[in-house]
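Structural overview for review
One letter stands for each residue in the lines below.
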Amino acid sequence: MDNIQHTAKTLVELSGKRAETQPDKPAFIYLEEGEREAGIFTYKDLDTRAKSISAKLQSMGLKDERALLIYESGLDYIDSFFGCLYSGIISVPLHLPGKNKTLSRISAIAKDSGAKIILSTSEIREELESEFAKDEILKDLKWIDTEVIGNELEKDWKDTGIIGDTLAYLQYTSGSTGIPKGVMVNHRNLITNINIIDKSHGHNDESVMVTWLPIHHDMGLIYGMLLPFCCGYPCYFMTPQAFVQKPYRWLNAISKYRGTHNAAPNFAFELCLNKITEDQKKTLDLRTWTVAMNAAEPVRAETIYKFTDYFKDCGFELKFFCPGYGLAEGTLILSTTFKDDLPAMKRFDDSSIEKNNFAKDADKEDSQSKIHVGHSNSIEDTRVAIVDPVTFIECKEGEVGEVWASGISIAQGYWKREDSTKETFKAFIKGTNEGPFMRTGDLGFVKDNELYITGRHKDLIIIRGQNHYPQDIEYTVEASHPALRLGCVAAFSIDENGEEHLGIVQEVQKNFVKDFDAEEVFKAILKTVSGEHDLQVYSITLIRPGTVPKTSSGKIQRRACSAGIEDGSLEVIAVWKHGEILDLRSQILDSKEKDDHRKTDTLKNEKFISTKHNLQEWISNRLSEMMQIKKESIDTGE
């Protein structure tokens, strides 16, 4: 494979070189419904489209301005993103608002970024324009339909002198309070991080990307799209909806197009396990797969083992899994297992971690302590340190502390937020004054050069002096009964008369809402939490599917769940507290059915609330429980 991506200073320079050296080679191939080739960009095609869109934007005098990108995952999203790069406009990748969702997040981002325009398609504009016109911020933004911009404008494009320090885009995250913050990513950050991934995951002339990740998400944009583009190999992609509706499509595309690389959150591998049948499995050939990066949310050893075992007859091997850890503030990857290395999975003594903040190997006869998944700790250019979040003293090997990172990949800070930028991106280790480091807000430890993530600093649950990680409790809860929805549970501490107690909020599966035994579910949760964690639960609140508070990047808003119990804002189905059960299904469902009946005619005629939009948001909300994680104080900018 050539070395273009290691010599280019910007994505614009790299794109131009690709268009010159391999103009007719396919760069992006769109798979309609995840099955049929329905559109293609060669490197020259994309260069032409980017220059044409850029020329249109340049004619409007918008250099250095911000543009909201609102598209479905498709070729239009890609050429508009590159069009912004070529013109020096700072893009803000977003997803379509989902069914019955307010525009508050998009409006807040538009206000924070100072965006002047919205790039989209005429179809989407027609669906959303009237709703946007009702918003005090969004009403003033100008819509530009990029698909109607003609390629004849290519000749009018002017090189604006983009350099490595030029901001490429803003990746917006939001924290517990829903306050969005734009992570500033420049060209040098991107090129460096992509080169790190290239060297870690080993690409060559036979490499092929097959992805379904949302383009607006940092992992979908960088790993799914920009990585293969920069390294010069083809990317076959489908929409997130196509994958969720039928997970077989993803693995079938890998089999059909001899895919070698891709990335997905842990839940995607679980979905394949649950939905791909034995008969479908017989049609798959996964021997070409070399890197399956599991990232963006906690990586489960159980998932890795089960997936490998289930698909081994298709040629899948354990070494294909490359767990990864990172977040938008680090551009994307901070650490990852290298290609052909087996993922590090080791059992550590839970009691030692919780009581002493120290990772000690579990005894051989201990089968109850958690198996932790390592993410490597030796990637080029990136220094990962484990630091005491209170004293700022670097921890020794095995000690649990906050994960800090430094390197050229680290983003420039938060857009127009000096205090938050200083707090998150300008940390120094006490004693050595080494830095600056970016504080991730995650807790973890390093053992034998492997980074292990244990949880979030501010989400620790401390009961009777014992530390408990909410992620571990949540995993226990969601697996305790089939009526409970995976990935939609929050565990948090409740202060009652100065004493800490455990509270749980959990969504119920859609097909179980009307027909489940509440007492049976509560007993299952109580029994498993007590048995696995030696904890007594103070309260359990079961809520309607799709209603647990989450940030835009998919993190459970544990503080919001706790507050929702107090202020009554949660859509509660049933509650257990002090042995008493309150079942609210009859009155809630009756009210819901009446409300649905009143809205039927309206819903049928509104394209704005189409299922595909709803699925897109659902996918977005399942992503990045690790990649975008930041501690509560960093999230809120306090």
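Along each chain, the written sequence defines residue order, and numbers are assigned to residues from 1. Note on the predicted model: pLDDT of at least 70 is required for a residue's local features to be given, and 80 or more for side-chain atom pairs to be given and counted; whole-chain, interface and lining totals, by contrast, use all residues. Only hydrogens and water are removed before side-chain values are computed, so all heavy atoms of the structure are retained for them.

1. Here we look at the confidence of the model for the protein
Mean pLDDT for the protein: 89, with 89% of residues reaching 70 or above. Known as pLDDT, the predictor's per-residue confidence is scaled from 0 to 100. The contact definition used throughout considers only heavy atoms, calling two residues in contact when any of these lie within 4.5 Å. Counting contacts from residues 622-638, a segment whose pLDDT is below 50, to residues more than four positions away or on other chains yields 98 contacts.

2. Section: the nonpolar core
One recurring pattern in soluble globular proteins is that nonpolar side chains are buried together. Judged by nonpolar contacts, the single largest core of 125 residues is most densely connected at Phe 28, Trp 250, Leu 251, Trp 289 and Phe 311. Counting residues per element, this core draws most heavily on helix 8 (residues 218-231), at 10 residues. With sequence-adjacent residues up to four places away left out, Trp 289 is seen in contact with Trp 250, Leu 251, Ile 254, Gly 259, Thr 260, Asn 262, Phe 269, Phe 307, Phe 316 and Phe 320. To define a nonpolar core, start from buried Ala, Val, Leu, Ile, Met, Phe, Trp, Tyr and Cys residues and group those joined through side-chain atoms within 4.5 Å. Using a 1.4 Å probe on the protein chains alone, a residue whose accessible area is under 20% of its type maximum counts as buried, one over 50% counts as exposed, and one in between counts as partly exposed. By size, the runner-up hydrophobic cluster in this structure holds 25 residues, among which are Ala 483, Val 489, Leu 502 and Val 529. Helical segments are the DSSP runs of H or I of at least four residues, strand segments are the runs of E of at least two, and each set is numbered from the N terminus.

3. Some words on the packing of aromatic side chains
Describing an aromatic ring pair means giving the distance of the ring centres and the angle of the ring planes. Here a Phe, Tyr or Trp ring, Trp counted by its six-membered ring, pairs with any other such ring whose centre lies within 6.5 Å, and the pair is stacked when the planes are under 30 degrees apart, edge-to-face when over 60, and tilted otherwise. Evaluated as defined, the whole model comprises 32 aromatic pairs. Look at Phe 269 and Phe 307: their rings are 5.2 Å apart centre to centre, the planes differ by 90°, and that puts the pair in the edge-to-face class. Of this pair, Phe 269 sits in helix 11 (residues 266-275) while Phe 307 sits in helix 13 (residues 301-310), placing them 38 residues apart in sequence. The burial state of Phe 269 is the same as that of Phe 307; both residues are buried. One aromatic cluster is present, built from ring pairs that chain together Trp 212, Phe 243, Trp 250, Phe 267, Phe 269, Trp 289, Phe 307, Tyr 310, Phe 311, Phe 316, Phe 320 and Phe 321. In this scheme, Lys NZ or Arg CZ marks a charge over a ring once it lies within 6 Å of the ring centre and within 35 degrees of the ring normal. In this structure, Lys 181 packs its charged tip against the face of Tyr 414, placed 4.3 Å from the ring centre. Here Lys 281 stacks its cationic end above the ring of Tyr 310, 3.8 Å away from the centre of that ring.

4. Description of the sheet that holds strand 19 (residues 438-447)
A sheet is described by the order of its strands in space; here four strands give the open sequence 17-18-19-20, paired in antiparallel fashion. Each end of this open sheet is capped by a strand with a single partner; those strands are strand 17 (383-387) and strand 20 (450-456). Within the sheet, the average angular offset between the axes of one strand and its neighbour, ignoring direction, is 50°. A pair of strands counts as paired when DSSP detects no fewer than two bridges linking them. The pairing of strand 17 with strand 18 (residues 401-406) spans five bridges and is classified as antiparallel. Within the sheet, the bridge partner assigned to Ile 386 lies in strand 18 and is Val 403. Axis lines are fitted through C-alpha atoms, for helices just across the contact stretch, and the angle between N-to-C directions can take any value from 0 to 180 degrees.

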